[in-house]
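# Structural overview
The lines below spell out each chain.
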Amino acid sequence: MANNHSKYQIIRVTPTLDTSAYGSGDVIFNSVEIPNAVLGKGGCSKLVAAFLHSDNTTNLLFEMIFTENAATFGTVNETANISDADLRAANVLGYISCESADDTTQYIDSSEIKRIYDNRSDASASSPGFDPILLQAASNSTSVYFAVLGGSSVTYAADDLQFIFHIERQ
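Predicted model only: the values in this text are computed from it and were never measured. (Residues numbered from 1 in each chain as written. Predicted model: local features only at pLDDT ≥ 70, side-chain atom pairs only at ≥ 80, totals over all residues. Heavy atoms only, no water.)

Our next topic: the nonpolar core. Residues Ile34, Met64, Phe66, Phe146, Phe163 and Phe165 are the most contacted members of the largest nonpolar core, which totals 33 residues. Counting only elements with at least two residues in this core, the list comes to strand 1 (8–13), strand 2 (27–34), strand 3 (44–54), strand 4 (62–67), strand 5 (92–98), strand 7 (133–136), strand 8 (144–150) and strand 9 (161–169). Among the nonpolar cores identified, the runner-up in size contains seven residues, and Ile65, Ala71, Ala90 and Leu149 belong to it. (Core = buried A, V, L, I, M, F, W, Y, C linked by side-chain atoms within 4.5 Å. Buried < 20%, exposed > 50% of the residue type's maximum accessible area, 1.4 Å probe, protein only. Helix = DSSP H or I, 4+ residues; strand = E, 2+ residues; numbered from the N terminus.)

Encoded structure:
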């Protein structure tokens, strides 16, 4: 029987990207909503895995920052320059460093599917892993936000990236 309040949820988010070339360390995109990341307003859930599907095979290395509130980390295609006060107001929940070029599928020529590993390990490690991150929504919301800051120079079409979040909601 279908249930809108399943304990597990897969949420797909496709941010709109600037199509100019990004430089290493640039803001790839500012806060994008992960809708219904928690069951009730102000609720909390657990991010247990994350993946990236890219229509481009250029490997993207990046930092993914999760926040309770939307925030502007800086101008897209420029280095992040968010103030300490604005970062604190965003209520940072955690981050993931996706640093491995070895964590993608090897058998698809036209696109890339990347397993997003946390900053303690990657696919080339003997025991790659993902430390769950708790996602807390603001008291009047069921959404959380994420931004991506890039560590590699790439160019994308506006809809080339789709993030896939595996969330455990209680």
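With that settled, the discussion passes to the environment of Phe62. Take Phe62: it is sitting in strand 4. As for Phe62 and Ile116, which are separated by 54 residues in sequence, their C-alpha atoms are 9.7 Å apart. Phe62 has contacts with Leu52, Ile96, Ser97, Cys98, Lys114, Ile116, Val148, Leu149, Gly150, Gly151 and Phe163, leaving out every residue within four places of it along the chain. (Contact = heavy atoms within 4.5 Å.)

The next thing to look at is the packing of aromatic side chains. All told, the structure shown has eight aromatic pairs when counted by the stated rule. Look at Phe66 and Phe165: their rings are 6.1 Å apart centre to centre, the planes differ by 75°, and that puts the pair in the edge-to-face class. Taken together, the residues Phe66 in strand 4 and Phe165 in strand 9 connect sequence positions 99 residues apart. Overall, the relative accessible area of 0% leaves Phe66 in the buried class. Given a relative accessible area of 1%, Phe165 falls into the buried group. Grouping aromatic residues by their ring pairs yields a cluster made of Phe29, Phe62, Phe66, Phe146, Phe163 and Phe165. (Phe/Tyr/Trp six-rings, centres within 6.5 Å; stacked < 30°, edge-to-face > 60°.)

For the rest of this paragraph, the subject is the sheet that holds strand 4. Ordered by their spatial adjacency, four strands build an open sheet running 2-8-4-5, and the pairing between neighbours is antiparallel. Bordering the open sheet on either side are strand 2 and strand 5, each of which pairs with just one other strand. Strand after strand, the sheet turns through a mean of 15° between neighbouring axes, direction not considered. Looking at chain direction, strand 4 and strand 5 are connected through six bridges and run antiparallel. By the bridge assignment for strand 5, Ile65 is matched with Tyr95. (Pairing = 2+ DSSP bridges. Axes fitted to C-alpha atoms, helices over the stretch in contact; angles between N-to-C directions.)

Moving on, we get to the pairing of strand 9. Within a regular strand, side chains alternate between the sheet's two faces. Among the nine residues of strand 9, seven are classified as buried, and the element is accordingly described as predominantly covered. One ladder, built from nine bridges, connects strand 3 with strand 9; its direction is antiparallel. Bridge pairing in strand 9 places Ser45 opposite Arg169.

This part takes up unusual backbone geometry. A positive phi angle, close to 55°, is found at Asn36, a residue other than glycine. In this fold, Asn36 is placed in the loop between strand 2 and strand 3. The backbone of Asn77 shows a phi angle near 75°, a positive value even though the residue is not glycine. In this structure, Asn77 sits in the loop between strand 4 and helix 1 (84–90).

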